[in-house]
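Below are the chains, spelled out letter by letter.
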Amino acid sequence: MRILLLGSGGREHAIARALRRDPAVTVIHCAPGNAGTAEISENHVLDVTDPVAVVELAKRLRPGLVVIGPEAPLMAGVADAVRQSGLPCFGPDAAAARIEGSKAFAKEIMAAAGVPTAAARVCASAAEVAAALDEFGPPYVVKDDGLAAGKGVVVTRDRATAERHAADCDRVVVEAYLDGPEVSVFALSDGANVVPLLPAQDFKRAYDHDEGPNTGGMGAYAPLPWAPPGLAEEVVATVVRPAIAELARRETPYSGLLYAGLALTAHGLRVVEFNARFGDPETQVVLDRLGTPLSGVLQECAMGGLPPGTALEWLPGAAVTVVVAAENYPGTPAKGDPIAGIDEAERVPGAYVLHAGTRRDHEGVLMSAGGRVLNVVGVGADIAAARKTVYEAVGKIRMRGAHYRTDIAAAPPSSPSSP
Ligand code: GLY
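Residues numbered from 1 in each chain as written. Predicted model: local features only at pLDDT ≥ 70, side-chain atom pairs only at ≥ 80, totals over all residues. Heavy atoms only, no water.

Enquirer: Describe the site of the ligand, listing the residues and the values that go with them.
Expert: Taken together, the residues surrounding the ligand are Asp-202, Gly-216, Tyr-259, Asn-275, Arg-277, Gly-279, Asp-280, Pro-281 and Glu-282. In the model, an oxygen atom of the ligand is placed 2.8 Å from a nitrogen or oxygen of the Arg-277 side chain. In this structure, an oxygen atom belonging to the ligand sits 2.9 Å away from a main-chain N or O atom of Asp-280. Within the complex, 92% of the 200 Å² of free accessible area of the ligand lies under protein. Each residue belonging to the shell around the ligand can be placed in one class, and the counts come to two nonpolar, three polar and four charged. (Near = heavy atom within 4 Å. Polar contact = N/O pair within 3.5 Å; in protein donor to acceptor, adjacent residues only side chain to side chain. Areas by Shrake-Rupley, 256 points an atom, 1.4 Å probe, with all protein chains shown as cover. Nonpolar A, V, L, I, M, F, W, Y, C, P; charged D, E, K, R; others polar.)

Here you go:
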């Protein structure tokens, strides 16, 4: 099968890598891709948020499946346009992708479907924000209602910071704080049936000990040895199936991957957020552990034929990924810094490097081109071994201003406070 994969991050390099080892996949086209995807696929220059341009490229390449990686093309209606052109597409239509694109819409779906989540108020004025902050108290959780590339959420004990963030957004959702370890559970769906993937954990704050600003994610690991048994099945039963059923009831069926970001609170699991696509960087570790060939299940989702009771195979062992970020990420990251040391990193047994924000200059020199530059992945018999491997490999990377967290997968998360 020929695949056209849209996107340019570490997630897309991880998806391309998983498709590369799938015997059913003959050719991978990536648009626009990065310097890493260029090594295993054919990259194409493309504005992935332009449905007309995407359909034009897809008609020229005639892939058996178009896979949409990031959220922006989903919100722009690219999946709708690809499907209307007659090609199978993995990723929800714009109407269903609003579950990520609007925090208020996600709350509406959860309320209608009885999905457990934090109490919340949708606020469009300073007075409404002040009332909601009074109601819920600190720590304050203020979420931009729209897309913000992982940077729209502020969690703070400082009231002025919370109010400033709300003032910078058109409309916000102010929520009660959820206390407890966070877990990401992805589920594949064809609009009716649902298959969960391996639960993972990511690290959203920029610096060690969960300090600093929120980012798109600074590292991740899977599996989660400390997670309650049956977690993925519980998430499917209490979160994913009800949400998918509610979207189907509204005649906006959800086909693609639904990402449930959860807090495991003392009162049970609660949804923190939904995303309408594979998470980044969790995908890098989850797909590393996937034993089932990827293209078949993505195609079944796209074509509406995911068999009930499908169970994916998972490789034994563990994977940890650490994001190497550019100077000043997540503010205004520096770009154009030469990157060295990838070959040395990949000589560490069990380690490899996925590209995120990278490109080659006209002389072929690898340069940084985004905030999250590389995802170094370490694989081992358990989390401790994978962690040792990944940090040995990260130490080989050389880039001016590079920074990374040193505590990814360091310790099991602390339990939530008692009720
Ligand atoms: N890792 C968080 C996200 O993908 O949004």
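Enquirer: Provide a residue-level description of helix H1 (residues 10–20), including the pertinent values.
Expert: Taking burial as the measure, the 11 residues of H1 include nine buried ones, the bulk of the element. For H1, the full list of buried residues reads Gly-10, Arg-11, Glu-12, His-13, Ala-14, Ile-15, Ala-16, Ala-18 and Leu-19. (Buried < 20%, exposed > 50% of the residue type's maximum accessible area, 1.4 Å probe, protein only. Helix = DSSP H or I, 4+ residues; strand = E, 2+ residues; numbered from the N terminus.)

Enquirer: Describe the state of the cysteines, and please don't skip the residues or the numbers.
Expert: Inspection of the entire model under this criterion finds zero disulfides. Free cysteine: Cys-123, not disulfide-bonded; nearest cysteine sulfur from Cys-169 at 11 Å. Since its relative accessible area comes to 2%, Cys-123 is described here as buried. (Disulfide = S-S within 2.5 Å.)

Enquirer: Break down the side chain of Glu-175 for me, with residues and values.
Expert: Along the chain, the position of Glu-175 falls in strand E9 (residues 172–175). Here the side chain of Glu-175 touches Lys-143 through a polar contact of 3.1 Å, side chain to side chain.

Enquirer: Describe the sheet that holds E9, listing the residues and the values that go with them.
Expert: Strand order in the open sheet made by the four strands is E6-E9-E7-E8, with antiparallel pairing throughout. Each edge of the open sheet is held by one strand with a lone partner, namely strand E6 (120–123) and strand E8 (153–156). This sheet shows a mean twist of 20° between the axes of neighbouring strands, independent of strand direction. Note: E6 against E9, four bridges, orientation antiparallel. If you follow Val-122 over to E9, its bridge partner there is Val-173. Relative to E9, helix H6 (residues 103–113) is tilted by about 55°, and along the sheet it contacts E6, strand E7 (140–144) and E9. (Pairing = 2+ DSSP bridges. Axes fitted to C-alpha atoms, helices over the stretch in contact; angles between N-to-C directions. Contact = heavy atoms within 4.5 Å.)

Enquirer: Tell me what's going on with the pattern of salt bridges, and back it up with residues and numbers.
Expert: Should the charged atoms of two oppositely charged side chains come close, the side chains can pair. This structure, assessed with the given rule, holds 24 salt bridges. Here Arg-277 and Glu-100 are joined by a salt bridge, their closest N and O atoms 3.0 Å apart. One end of the pair, Arg-277, is in the loop between strand E17 (268–275) and helix H10 (282–286); the other, Glu-100, is in helix H5 (residues 94–101), and 177 residues separate them in sequence. By relative accessible area, which is 3% here, Glu-100 ends up buried. Among the ionic pairs, Glu-175 bridges to Lys-143, the shortest N-O distance being 3.1 Å. Separated by 32 residues along the polypeptide, Glu-175 in strand E9 and Lys-143 in strand E7 bring together distant segments of the chain. The exposure classification of Glu-175 matches that of Lys-143, with both residues buried. Beyond isolated ion pairs, a larger network of salt bridges with shared partners links Glu-108, Glu-246, Arg-249 and Arg-250. (Salt bridge = Lys/Arg side-chain N within 4 Å of Asp/Glu carboxyl O.)

Enquirer: Before we move on, can you summarise the nonpolar core with the specific residues and values?
Expert: Counting 78 residues, the largest nonpolar core has Leu-6, Val-235, Val-239 and Phe-274 as the members making the most contacts within it. By residue number, the principal contributor to this core is helix H9 (residues 231–249), which donates eight residues. Aside from chain neighbours lying at most four places away, what touches Val-239 is Val-115, Pro-116, Glu-234, Ala-260, Leu-262, Leu-269, Val-271 and Phe-274. Judged by nonpolar contacts, the second largest core, of 36 residues, contains Phe-186, Tyr-259, Leu-294 and Leu-298. (Core = buried A, V, L, I, M, F, W, Y, C linked by side-chain atoms within 4.5 Å.)

Enquirer: Talk me through the packing of H5 against H6; I want residue IDs and the actual numbers.
Expert: Relative orientation of the contacting elements H5 and H6 amounts to 100°, with a least axis distance of 6 Å. Taken together, H5 and H6 sit at an angle that is classed as roughly perpendicular. Here Ala-95, Arg-98, Ile-99, Glu-100 and Gly-101 of H5 lie close against H6, whose contacting residues are Lys-103, Phe-105, Ala-106 and Ile-109. The residue inventory of the contact of H5 with H6, partitioned by class, reads five nonpolar, one polar and three charged. (Parallel < 35°, antiparallel > 145°, perpendicular 65-115°, else oblique.)

Enquirer: Before we move on, can you summarise helix H7 (residues 126–136) with the specific residues and values?
Expert: Residues Val-129, Ala-132, Leu-133 and Phe-136 constitute the buried set of H7. Mapping the buried residues of H7 onto a view down its axis gives an arc of 100°, with all of them on the same face. Those residues of H7 that are exposed and angled more than 90 degrees off the buried face are Ala-127 and Asp-134. One or two residues past the end of H7 sits Gly-137, with phi positive at roughly 70°. (Arc of directions from axis to C-beta.)

Enquirer: Requested: an account of the environment of His-209, with residues and values cited.
Expert: Counting through the fold element by element, His-209 comes out in the loop between strand E13 (205–207) and strand E14 (211–214). Spatially, the C-alpha atoms of His-209 and Thr-406 are 9.2 Å apart, while their sequence positions differ by 197 residues. The residues contacting His-209, other than those within four sequence positions of it, are Arg-405 and Asp-407.

Enquirer: Describe the sheet that holds strand E22 (residues 372–380), and please don't skip the residues or the numbers.
Expert: Spatially, five strands are ordered E12-E15-E18-E22-E19 in an open sheet, and the strand pairing comes out antiparallel. Among the strands making up the open sheet, the edge pair consists of strand E12 (201–202) and strand E19 (351–355). Most of the contacts of helix H13 (residues 383–394) go to strand E18 (residues 318–325), to which it runs at about 30°, and overall it touches strand E15 (219–222), E18, E19 and E22.

Enquirer: Quick rundown of unusual backbone geometry? Include the residues and the values.
Expert: With omega at -5°, the peptide bond leading from Ala-31 into Pro-32 counts as cis. The amide bond that connects Pro-138 to the next residue, Pro-139, takes the cis arrangement and shows omega of -10°. With respect to the helices and strands, Pro-139 occurs in the loop between H7 and E7. A positive phi is found at Asp-210, a non-glycine position, where the angle reads about 55°. Positionally, Asp-210 belongs in the loop between E13 and E14. Judged by relative accessible area, which is 47%, Asp-210 ranks as partly exposed.

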